[in-house]
Amino acid sequence: MKLYNISFSPTGTSAKVAAAIVHGIRANVDCWTVVIDATHQSVICETISRDDLAIISAPVYGGKMSPLAKERMKSLTADGTPCILVAVYGNRAFENALNDMSDFTTGLGFITAGAAAFIGEHSYSTSATPIAVGRPDDSDLAEAMAFGHEIARKISLKSLPAIDTTEITDQPSPAESLANFRTFVAEYMQNQKESPRKLLPEVNTAICNKCGICVSVCPTSAIASDCEGIDASKCIKCCACVKSCPEGARSLSSPFAPVLSANFNIRKSPVWKI
């Protein structure tokens, strides 16, 4: 059996969770792993057999599967292949992401045999506005391995039937936190109508040493070779450039960061179904 590990992971959190799940499977099942990284380029892959298994992981953007992840994976073709979907979100809510992923992958010929939502450090997290800092942490990765063990058990029993992702529900947040967030979003959207602005990472040229790491990690090639210019039409605000800069020269001041940090700081746990 081939085990396809297919991920879109600008900041590495989705890939880290998927790797732990794969490790849990391989500890119990003899299989050949095929790693496909869709972060920087579209997937080119042969049709995946129904006798194989795919782990498909991506971050949650606005309660859905990242649009760019879909674009990069749209050429995947499967033949009734069972797949395990992994959505990684920043501790607020994964909302409709797993259902969205299931609809997308079903259209490619996969059968959703399992799904999980894990938490990763939010793209907008900073030292001043921490949001799920350091996640997935050791506890998360241990749970990911346990999920892999359960998948392996199902494989050994030759039992990987389709599941209904609508049955996987998010851990509820406090009512006050949800109300605060909804009020903020409504006010923000109104402000955008009156005075729209594009959020983009900023560069502190005084400390940027032009090492080029930000250029290399950007999944959309939005950053100019001088490390300063940025194409606003390409930037997806994943903050891969911000989190990877060794000098701390890059930042993104999102108005969402303070409200997310203040209202969604209660640790959520991964959830899954198989």
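Just above, that's the structure.
Read on for an overview of the structure.

Definitions and cut-offs
Every chain's residues receive numbers from 1 upward, in the order its sequence appears when written. Residues qualify for local features only when their pLDDT is at least 70, as the model is predicted, and side-chain atom pairs are given and counted only at 80 or more; totals for whole chains, interfaces and linings, by contrast, use all residues. In computing side-chain properties, one takes all heavy atoms of the structure into account and sets aside hydrogens as well as water. Working definition: with a 1.4 Å probe on protein chains only, accessible area under 20% of the residue-type maximum means buried, over 50% means exposed, and in between means partly exposed. Here a strand is any run of E in DSSP of at least two residues, a helix any run of H or I of at least four, and the numbering for each starts at the N terminus. By definition, residues are in contact when any of their heavy atoms lie within 4.5 Å. Convention adopted: a line fitted to C-alpha atoms gives each axis, helices being fitted over their contacting stretch, and angles between N-to-C directions are expressed from 0 to 180 degrees. Relative orientations are named as follows: roughly parallel for angles under 35 degrees, roughly antiparallel for angles over 145 degrees, roughly perpendicular for angles from 65 to 115 degrees, and oblique for any other angle. The handedness criterion is simple: a crossing whose near helix is rotated anticlockwise from the far helix by less than a right angle is left-handed, and one whose near helix is rotated clockwise is right-handed. Classification convention: Asp, Glu, Lys, Arg as charged; Ala, Val, Leu, Ile, Met, Phe, Trp, Tyr, Cys, Pro as nonpolar; all other residues, Gly among them, as polar. Any carboxyl oxygen of Asp or Glu within 4 Å of a side-chain nitrogen of Lys or Arg constitutes a salt bridge here.

Focus on helix α3 (residues 97-107)
Thinking step 1. Counting buried positions over the 11 residues of α3 gives eight, a clear majority of the element.
Thinking step 2. Buried residues belonging to α3 abut β3 (53-61), β4 (64-65), α2 (67-73), β5 (81-89) and β6 (110-119).
Thinking step 3. Positioned one or two residues after α3, Gly-109 has a phi angle of 105 degrees, which is positive.

Re the packing of helix α1 (residues 13-26) against helix α4 (residues 138-156)
Thinking step 1. Contact geometry for α1 and α4: axes closest at 6 Å, N-to-C directions at 45 degrees. One way to sum up the angle between α1 and α4 is to call them oblique. Judged by the sense of rotation from one axis to the other, the crossing of α1 with α4 is right-handed. Residues Lys-16, Val-17, Ala-20, Ile-21, His-23, Gly-24 and Ile-25 of α1 lie in contact with α4, whose contacting residues are Leu-141, Ala-144, Met-145, Phe-147, Gly-148, His-149, Ile-151, Ala-152 and Ile-155.
Thinking step 2. Residue classes in the contact of α1 with α4 are distributed as 11 nonpolar, four polar and one charged.

Thoughts on the pattern of salt bridges
Thinking step 1. Tallied over the full model, the rule gives 13 salt bridges.
Thinking step 2. Here Lys-70 makes a salt bridge to Asp-100, at a shortest N to O gap of 2.9 Å. Pair noted here: Lys-70 is in helix α2 and Asp-100 is in helix α3, with a separation of 30 residues, a long-range link.
Thinking step 3. Of the charged contacts, one joins Lys-273 and Glu-167 as a salt bridge, the two residues approaching to 3.2 Å between their closest N and O atoms. You can see Lys-273 sitting in strand β9 (residues 271-273) and its partner Glu-167 sitting in the loop between α4 and α5 (175-194), a full 106 residues away along the chain.
Thinking step 4. The exposure class assigned to Lys-273 is partly exposed, which follows from its relative accessible area of 27%.
Thinking step 5. The network of salt bridges with common partners includes Arg-135, Asp-137, Asp-140 and Arg-267.

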